[in-house]
Amino acid sequence: MSSRPSTDKEAVPPSAALTPAWPERAAWGTATSLRAWQTAALTDYVARSPRDFLAVATPGAGKTTFALSAAAELLGRRIVDRVVVVTPTEHLKLQWAEAAARAGIPIDPTYSAGSGKTSADYVGVAVTYAGVAVNPLAMRIRTERFKTLVILDEIHHAGDALSWGEGVREAFDPATRRLALTGTPFRSDVNPIPFVTYAPGADGIPRSVADFTYGYEHALADHVVRPVLFLAYSGDLTWRTRAGDEIAAGLGEPLTKDLTAQALRTALDPSGEWIPSVLAAADRRLTEVRRHVPDAGGLVIASDQDAARAYAALLKQISGEPATVVLSDEKRASKRIADFTDSERRWMVAVRMVSEGVDVPRLAVGVYATNTSTPLFFAQAVGRFVRARARGETASVFLPSLSTLLSYAAELEVERDHVLGRTIADEADIFDAERDLLAKAQSDAGASDELLGSYEALGSQARFDQVVYDGAAFGHAGDVHVGSDEEMDFLGIPGLLEPDQVRELLHHRQRSRRTAAAREDEPPRSLSTHERLGVLRRELNGLVAAWHHRTGQAHGATHAALRKELGGPAAAIANAEQLHARINRLREWAAKPSR
């Protein structure tokens, strides 16, 4: 048994942290026992004893407990005698140190590269990726002095900047063991992640290779994570460009990339009606959830600090309670998160700090009110709400009805790897790269240079669009007013249901609404031109999304193919006749056997 002083009276030596039958035990103090996936991963890790090991586990599955159990095993067997934990943020350093202390592994979260020796009370330190990049040589010297286990938490961040990746590689190349963890191994760039193995797939493209994978689908089946209801809101938006042009558009309509970005900014503007309406709907959903889960909390993820403060003010008006605001540059940010975690307060508002790794298990309702729309950020943000505490808890995430976000929501269970690039497999694919560039150019083309500059939000109205659950969409095609009975059909879903019960309830309500609509005797009101066009655009967008899920073809590529085949403007759809033609052609494609 190794002898090390400890500053925690309740701490125990790592060799005592696990019983001889360690697969039945978690690191002391972190959990009552190991979950099945943790047992399997730890068994594989100990049996193979690799120098590098990449564990991919969905957010909320318990990566920290697995890593600390592995650390306790290595320390107890004297394979290593020091631990270094590398995290993306300062707050996560504290979170790791607290969890490690409960496991009998005292970690110094205040250490920074180059600060010299640490107290003899510690067997390890916690640092950030940015801190390592500042002085990788100092971390390398420390790593060389001891038999060191390096735990690289959310290792995909090592590819965020070239200096980060190089710093991590230089600092920890001499480590005895490296244990890499991530819930989202995919990145949108081609920066290789240090200490991750890449191997060519069937298409010849190098992809990251995990030593152990535990995806959301498996975790959901094991009741380790909660199912997620995604409630999407569309709406009518108006803004003025720097050139003085006024633009009116519907959120979720097919627009150019810059117009879509400005439409989203208009929706998220706290002076409009869209975001207050969505926050009010989310608060009603939270009230319903708290009938069954009294301490359930909500989180709003904002784009910037000004928006976060404005949203907090709106939530106070809506709920009657002050919201906790967490800003990353405030010294008390970690304390605010801890206080909120241990309280029963309703709402917390943050910019990016609570988007990854931060553990607030009682979060059950979220509002995705940020203009960041990468799959990596989306997956990490949703990961804040999926941690299960008891059977039947369901998470609810409110989001703008944009095709990209709806695609991410529908593909939550899809396991992704980090792809380094593409290769041309045969002559038949020689023009694929050119076609992809053309489709991207058509979908991203800007309407004018002026649109890239400043703009002024003039107004916004929200409408309930649909619910995405288990990859399927339920709702009323964006024609439901906020506060209506139709919206409450979904906001009022009980907060404590098994996944199959949620699925059956959604199908039942969808069938009931269709039956009621079919029995309506009153002749339908004739639609105005703009209403008719709006309905057709939403129908086309829904069909394009369904085609994407069936074939994998990008939304922009589908629109480009329709324009090429049927004609029409490159940047927008001009009239009802063209909309009808494209809808009918998509239906013809869908009627054919799968490609």
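Our subject is the structure listed above.
Below or above, wherever it landed, is the structure these notes cover.

The rules behind the values
Residues numbered from 1 in each chain as written. Predicted model: local features only at pLDDT ≥ 70, side-chain atom pairs only at ≥ 80, totals over all residues. Heavy atoms only, no water. Axes fitted to C-alpha atoms, helices over the stretch in contact; angles between N-to-C directions. Helix = DSSP H or I, 4+ residues; strand = E, 2+ residues; numbered from the N terminus. Left-handed = near helix turned anticlockwise from the far one by under 90°. Contact = heavy atoms within 4.5 Å. Nonpolar A, V, L, I, M, F, W, Y, C, P; charged D, E, K, R; others polar. Parallel < 35°, antiparallel > 145°, perpendicular 65-115°, else oblique. Salt bridge = Lys/Arg side-chain N within 4 Å of Asp/Glu carboxyl O. Buried < 20%, exposed > 50% of the residue type's maximum accessible area, 1.4 Å probe, protein only. Phe/Tyr/Trp six-rings, centres within 6.5 Å; stacked < 30°, edge-to-face > 60°. Lys NZ or Arg CZ within 6 Å of the ring centre and 35° of its normal. Pairing = 2+ DSSP bridges. 1 Å grid on protein atoms, 1.4 Å probe; cavity = no way out; pocket = protein on both sides within 12 Å on 5 of 7 lines; lining within 4 Å. Points joined across faces, edges and corners; volume = space filled by probe spheres on them. Polar contact = N/O pair within 3.5 Å; in protein donor to acceptor, adjacent residues only side chain to side chain. Expected span 1.5 Å × (residues − 1). Arc of directions from axis to C-beta.

1. Section: the packing of helix 2 (residues 36-48) against helix 3 (residues 63-76)
How two helices pack is summed up by the angle between their axes together with the distance between the axes.
Right, on to step 1. Closest axis-to-axis distance for the helix 2/helix 3 pair is 10 Å, and the angle between their directions is 35°. Remark: the crossing between helix 2 and helix 3 carries right-handed chirality. Across the interface between the two elements, W37, Q38, A41, L42, Y45 and V46 of helix 2 pack against K63, T65, F66, S69, A70, E73 and L74 of helix 3.
Right, on to step 2. Split into classes, the residues belonging to the contact of helix 2 with helix 3 amount to eight nonpolar, three polar and two charged.

2. Some points on the packing of helix 3 against helix 4 (residues 90-102)
Right, on to step 1. Closest axis-to-axis distance for the helix 3/helix 4 pair is 10 Å, and the angle between their directions is 55°. With respect to their mutual orientation, helix 3 and helix 4 come out oblique. As helix 3 runs across helix 4, the sense of the crossing is right-handed. Of the residues in helix 4, those in contact with T64, A67 and L68 of helix 3 are W96, A99 and A100.

3. Re the pattern of salt bridges
Right, on to step 1. With the rule as written, the count across this model stands at 18 salt bridges.
Right, on to step 2. R48 is paired through a salt bridge with D44; the nearest N and O atoms lie 3.1 Å apart. Of the two residues, R48 and D44 are both situated in helix 2; the distance of four residues between them amounts to about one turn of the helix.
Right, on to step 3. When its relative accessible area of 24% is taken as the criterion, D44 is described as partly exposed.

4. What about the packing of aromatic side chains?
Right, on to step 1. Per the counting criterion, the structure on display carries 12 aromatic pairs.
Right, on to step 2. Ring geometry for W37 against Y214: centres 5.3 Å apart, planes inclined by 15°, an arrangement best described as stacked. Taken together, the residues W37 in helix 2 and Y214 in strand 9 (residues 212-214) connect sequence positions 177 residues apart. Pair check on accessibility: W37 and Y214 agree, each one buried.
Right, on to step 3. Between the aromatic rings of Y45 and F53, the centroid separation amounts to 5.1 Å while the plane-to-plane angle is 75°, which identifies the pairing as edge-to-face.
Right, on to step 4. Relative accessible area serves as the criterion here: at 2%, Y45 is assigned to the buried category.
Right, on to step 5. By relative accessible area, which is 2% here, F53 ends up buried.
Right, on to step 6. Aromatic rings pair up to connect W37, Y45, F53, F66, F212 and Y214 into one cluster.
Right, on to step 7. Across the ring face of Y111, the terminal group of R142 is positioned such that the distance to the ring centre comes to 5.1 Å.
Right, on to step 8. Sitting above the plane of the F195 ring, R178 keeps its charged end 4.0 Å from the centroid.

5. Points about the sheet that holds strand 5 (residues 148-152)
Right, on to step 1. The sheet built from seven strands is open, its strands ordered 3-4-2-5-6-1-9 with parallel pairing. The sheet is open, and its two borders are formed by strand 3 (107-108) and strand 9, each paired with just one other strand.
Right, on to step 2. Sheet analysis places strand 2 (residues 82-87) next to strand 5, joined by five bridges and oriented parallel. The residue bridging R82 from the neighbouring strand is T148, located in strand 5.
Right, on to step 3. On the sheet, helix 2 packs against strand 1 (52-57), strand 5, strand 6 (177-182) and strand 9 and is oriented at approximately 170° with respect to strand 1.

6. Re empty space enclosed by the protein
Left-over empty space is what a probe sized like a water molecule reveals as it rolls over the atoms.
Right, on to step 1. Scanning all chains against the criterion turns up three cavities of 30 Å³ or more.
Right, on to step 2. Taken as a whole, the largest cavity spans an internal volume of roughly 70 Å³.
Right, on to step 3. Surrounding the largest cavity, L220, H223, V225, R226, P227, A388, A390, R391, G392, E393, E498 and P499 form its lining.
Right, on to step 4. Looking at the lining of the largest cavity, its residues break down into six nonpolar, two polar and four charged.

7. Focus: the side chain of S277
Right, on to step 1. Residue position: S277 is located in helix 10 (residues 274-290).
Right, on to step 2. A relative accessible area of 17% places S277 in the buried class.
Right, on to step 3. From its side chain, S277 meets the backbone oxygen of E273 in a polar contact 2.7 Å long.
Right, on to step 4. If we skip the residues at most four places from it in the chain, S277 touches A462 and V482.

8. As for helix 10
Right, on to step 1. If you check helix 10, its first and last C-alpha atoms are 24 Å apart, about what 17 residues at 1.5 Å a residue would give, namely 24 Å.
Right, on to step 2. Of all 17 residues in helix 10, 15 are buried, a share of seventy percent or more.

9. Remarks on the pairing of strand 1
Right, on to step 1. Taking burial as the measure, the six residues of strand 1 include five buried ones, the bulk of the element.
Right, on to step 2. The pairing of strand 1 with strand 6 spans five bridges and is classified as parallel. Bridging from a neighbouring strand, D52 pairs with R178 of strand 6.

10. With respect to helix 12 (residues 333-341)
Structurally, the α-helix is built with 3.6 residues per turn, so residues lying three or four positions apart point the same way.
Right, on to step 1. Within helix 12, the full set of buried residues consists of A333, S334, I337 and F340. Here the buried residues of helix 12 occupy an arc of 130° about the axis, which is enough to place them on one side.
Right, on to step 2. The inward-facing, buried residues of helix 12 abut helix 4, strand 12 (297-302), strand 13 (324-326), strand 14 (347-350) and strand 15 (363-369).

These figures capture arrangement, not role.
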